[in-house]
Amino acid sequence: DGGITQSPKYLFRKEGQNVTLSCEQNLNHDAMYWYRQDPGQGLRLIYYSQIVNDFQKGDIAEGYSVSREKKESFPLTVTSAQKNPTAFYLCASSAGNQPQHFGDGTRLSIL
Amino acid sequence: AQRVTQPEKLLSVFKGAPVELKCNYSYSGSPELFWYVQYSRQRLQLLLRHISRESIKGFTADLNKGETSFHLKKPFAQEEDSAMYYCALLESSYKLIFGSGTRLLVRP
């Protein structure tokens, strides 16, 4: 089903390189989120945005950056400052206090 | 600090056996809790939320404030229930705190 689209499915990063993960939603949701999923650790919140042009750090924001220029889009940049970027990244969105809907995820690996 | 604990990394049962996936939380206010499920090769999806008090795919979960628990139960497990299950707590209007997840394996 559609709703939230994350791309690419797989991404590789070289040392010192920034990479950007895309997240687009057509659900007209105000809020969007980025999570990192590591084996045995569940999901941890990186950044979230409640409205356009506003976003807040989550629990593990260091080494990441985001932007929210459009309601539909919430790209995540993994910067070279993130020393352990290998993980599965999940994007989600929600309307108000309704449950969050998730994308299929992007798996980031280091070359 | 708010947190969600799922003590079992893996739960293995036989088809037709009862299932209980444990979830305990710590939260100072009135909690809103969810169970999310991730089937193989599918995206994470909401299974149920405690305020709905509904049964989805035969699963139920009751909030026990005295024991600070929100265990997920099903009387008779099916093979298609095999998946990763996450308990989550809504900390604020927007922020979810997830447990580390329990993998349920239902054997034939």
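Draft legend 1. Focus on the overall build of chain A. Looking only at helices and strands, one finds 0 helices and 11 strands in chain A. Going residue by residue from the N terminus, the α and β elements of chain A occur as β-β-β-β-β-β-β-β-β-β-β. A compact globule built from 111 residues would reach a C-alpha radius of gyration of about 13 Å, and chain A, at 13 Å, matches this within 12%. Sorting the 111 residues of chain A into buried and exposed places 49% on the buried side. Counting only contacts in chain A whose residues sit at least 6 apart along the sequence, the fraction spanning at least 24 positions is 51%. Of the roughly 5300 Å² that chain A leaves accessible, carbon and sulfur atoms contribute 46%. Counting 11 positive and 11 negative side-chain charges, chain A places the averaged centre of each group 6 Å from the other.

Draft legend 2. The arrangement of the packing of aromatic side chains in detail. Under the definition given, this model contains 12 aromatic pairs over all chains. Aromatic pair Tyr35 of chain A and Phe102 of chain A: ring centres 5.7 Å apart, planes at 40 degrees, arrangement tilted. Of this pair, Tyr35 of chain A sits in strand β4 (residues 31-38) while Phe102 of chain A sits in strand β10 (residues 101-102), and the two are 67 residues apart along the sequence. In terms of burial, Tyr35 of chain A and Phe102 of chain A fall into one category: buried. With 5.5 Å between their ring centres and 85 degrees between their planes, Tyr35 of chain A and Phe98 of chain B make a pair best called edge-to-face. One end of the pair, Tyr35 of chain A, is in strand β4; the other, Phe98 of chain B, is in strand β10 (residues 96-98), on a second chain. By relative accessible area, Tyr35 of chain A is classed as buried at 0%. Feature note: the residues Tyr33, Tyr35, Tyr48 and Phe102 of chain A together with Phe34, Tyr36, Tyr86 and Phe98 of chain B constitute an aromatic cluster, connected by ring pairs. Across from the ring centre of Phe74 of chain A, 6.0 Å away, lies the NZ or CZ of Arg68 of chain A, which sits over that ring.

Draft legend 3. Highlighting the side chain of Glu32 of chain B. Residue and element names in this part refer to chain B. Position of Glu32 among the secondary structure elements: in the loop between β4 (24-26) and β5 (33-38). For Glu32, a relative accessible area of 15% corresponds to the buried category. When near neighbours in sequence (up to four residues on either side) are disregarded, Glu32 contacts Arg49, His50, Ile51, Ala88, Leu89 and Leu90.

Draft legend 4. Geometry of the sheet that holds strand β7 (residues 64-66) of chain A. Residue and element names in this part refer to chain A. Sheet architecture is open: 4 strands sit in the order β1-β3-β8-β7, paired in antiparallel fashion. Edge strands, defined here as strands with exactly one partner in the open sheet, are β1 (4-7) and β7. For this sheet, the mean angle separating the axes of adjacent strands, direction not counted, is 20 degrees. Sheet analysis places β7 next to strand β8 (residues 76-78), joined by 3 bridges and oriented antiparallel. Bridge pairing in β8 links Tyr64 to Val78.

Cut-offs and rules
- Residues numbered from 1 in each chain as written.
- Chains lettered and ligands numbered in written order.
- Predicted model: local features only at pLDDT ≥ 70, side-chain atom pairs only at ≥ 80, totals over all residues.
- Heavy atoms only, no water.
- Helix = DSSP H or I, 4+ residues; strand = E, 2+ residues; numbered from the N terminus.
- Rg over C-alpha atoms; globule rule 2.2 N^0.38 Å.
- Buried < 20%, exposed > 50% of the residue type's maximum accessible area, 1.4 Å probe, protein only.
- Contact = heavy atoms within 4.5 Å.
- Areas by Shrake-Rupley, 256 points an atom, 1.4 Å probe, with all protein chains shown as cover.
- Lys, Arg positive; Asp, Glu negative; His and termini not counted.
- Charge placed at Lys NZ, Arg CZ, Asp CG, Glu CD.
- Phe/Tyr/Trp six-rings, centres within 6.5 Å; stacked < 30°, edge-to-face > 60°.
- Lys NZ or Arg CZ within 6 Å of the ring centre and 35° of its normal.
- Pairing = 2+ DSSP bridges.
- Axes fitted to C-alpha atoms, helices over the stretch in contact; angles between N-to-C directions.

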